[in-house]
Every structure is written in structure tokens, then in C-alpha cells.
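Examining the three-dimensional arrangement
One letter stands for each residue in the lines below.
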Amino acid sequence: RGPRWTRSRTISSVQRSPTTSSAFADAITIGAPRGEVFRALTEPERLERWLATSAEPDPRTGGRFRYSFEFEDATQNNVQEGAYLDVVPERLVALPWLFPFSPRQTRVEYALTGDGDETEVAFRHSGLETGGPWDQARERFVSGWRMFLEYLKAHVEDDADGRLFGMKGKSG
């Protein structure tokens, strides 16, 4: 089956609170039922086709996860791990996200809505600070998360593999 394009939109807003934390959001519509999209967000073999080199999820609130990102340039390698903050089957996946320059935990959230054969994925990354390395990370991550959402869409709709340039697949 060929590519099926559905609407997507980018909402790159920075929201600041008095504590100087900020967030950005994005959204994409995927031509598949919520259950299919939820499985792509929570099953290891699916996550390894669009997000990470390897994934070890226990997708339930409080369940542990470990995502490894391995690149041809080993200096880019990193791991995200922790406990899922919120998991509601076919509705929500929220997890902590850390940056190497700060112990502050941020929140990555995928909220799924829709009926039938279309799912709206509302993505939000919140809890980022402002200034210095945070501003650089935010700039990089806004476009990075957009690419990951496009990879998720291609994987779910077309069974495609998608990884960041230079990222190794499971087999290396």
C-alpha cells in the first residue's frame, strides 16, 4: 500500500510559568485506530522500528522502560530510562525524559484521540527550563520530536522503518 497522507500540524509554542519552565507541543493524525497507534508506542519490536535502537517497555503506570539510542558516532549514544508516569491503554502514554546536562526530569506525553480509522496524536514535552543549554535542547528537540512523529506515522500506516540519520537498527 502506498503512502497515505493525512493532515498534520505543528504547534511549536513555548509556554513559560513563573518558575521559568516551558513546554512545546505538536500533533499528527495517523490513519489507523487508536489501538494500533498505542501498540506502536508500547511494544518493544514496534518502538525499535521508529524510535529507538532497542526498547524494553513495561507499559503501565509505574512500569519501567529503557530506550537505547545507538549511533554510528558513538559520542551520540544515549539511554532514556525510568518509570512510566501515566499509561491509559489506547488513550495516553507519559514518561519522564532526562537531559545529560541536568538532573531535572521533564515529561513527554502522547495523548490519543479519535474513533474509527484515524487517531490524533497530541504530543507534549513539558517541564523544560529556559536559558543556556535548555534553549539549545528545546530548539533541537522541537524538530527531533516532529521527525519521530513522522516516523511513527510512517510505521503505523505503511509498516515502514524510520530512524534518525546515523542511528543503528537493532542488528547494528
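Just above, that's the structure.
The structure contained in this document is the topic of the report that follows. Along each chain, numbering runs from 1 in the same order as the chain's sequence is written. Side-chain atom pairs in this predicted model are given and counted only at pLDDT of 80 or more, local residue features only at pLDDT of at least 70, and totals for whole chains, interfaces and linings cover all residues. To get the side-chain values, take all heavy atoms of the structure and skip hydrogens and water.

Topic: the packing of helix α1 (residues 34–42) against helix α3 (residues 132–158)
The geometry of α1 relative to α3 is characterised by a closest axis approach of 10 Å and an angle of 125 degrees between their N-to-C directions. With respect to each other, α1 and α3 are oriented oblique. Crossing geometry of α1 relative to α3 is assigned as right-handed. For the pair formed by α1 and α3, the contact residues are Glu36, Val37, Ala40 and Leu41 on the first element and Leu152, His155 and Val156 on the second. Looking at side-chain class alone, the contact of α1 with α3 contains five nonpolar, one polar and one charged residues. Note on method: axes are straight lines fitted to C-alpha atoms, helices fitted across the in-contact stretch only, with angles between N-to-C directions ranging 0 to 180 degrees. Labels follow the DSSP assignment, with helices taken as runs of H or I lasting at least four residues and strands as runs of E lasting at least two, numbered in each case from the N terminus. We call two directions roughly parallel when the angle between them is under 35 degrees, roughly antiparallel when it is over 145, roughly perpendicular when it lies between 65 and 115, and oblique otherwise. In this scheme the handedness of a crossing depends on how the near helix is turned from the far one: anticlockwise by less than a right angle means left-handed, clockwise means right-handed. Every residue pair with non-hydrogen atoms within 4.5 Å of one another is taken to be in contact. When residues are grouped by polarity, Ala, Val, Leu, Ile, Met, Phe, Trp, Tyr, Cys and Pro land in nonpolar, Asp, Glu, Lys and Arg in charged, and all others, Gly among them, in polar.

Side note on the pattern of salt bridges
Salt bridge criterion: a side-chain nitrogen from Lys or Arg within 4 Å of a carboxyl oxygen from Asp or Glu. As enumerated under the stated definition, the model contains 14 salt bridges in all. Asp115 is paired through a salt bridge with Arg34; the nearest N and O atoms lie 3.7 Å apart. With Asp115 in the loop between β8 (102–113) and β9 (119–129) and Arg34 in helix α1, this residue pair connects regions lying 81 residues apart in the sequence. Under the relative-accessibility criterion, Arg34 is labelled buried at 14%. For Glu129, the salt bridge identified is with Arg104, shortest N-O distance 3.4 Å. One end of the pair, Glu129, is in strand β9; the other, Arg104, is in strand β8, and 25 residues separate them in sequence. The rule is simple: take the accessible area with a 1.4 Å probe, protein chains only, and divide by the maximum for that residue type; under 20% is buried, over 50% is exposed, in between is partly exposed.

Looking at the packing of aromatic side chains
Note on aromatic pairs: the rings of Phe, Tyr and Trp (six-membered ring only in Trp) are paired at centre separations within 6.5 Å, and the planes decide the class, stacked below 30 degrees, edge-to-face beyond 60, tilted for the rest. Under the definition given, this model contains 14 aromatic pairs. Ring centres 5.0 Å apart and planes at 70 degrees place the aromatic pair Trp97 and Trp145 in the edge-to-face group. Highlighted residues: Trp97 in strand β7 (residues 92–99) and Trp145 in helix α3, separated in sequence by 48 residues. The same class applies to Trp97 as to Trp145, namely buried. Seen in terms of ring centroids, Phe123 and Trp145 are 4.8 Å apart; in terms of plane orientation they differ by 40 degrees. Their pairing is tilted. Here the residue Phe123 occupies a position in strand β9, and Trp145 occupies one in helix α3, the gap between them amounting to 22 residues. Per residue, the accessibility class of Phe123 equals that of Trp145, and both read buried. Taken together through their ring pairs, the aromatic side chains of Phe24, Phe69, Trp97, Phe99, Phe101, Tyr110, Phe123, Trp134, Phe141, Trp145, Phe148 and Tyr151 make up a single cluster.

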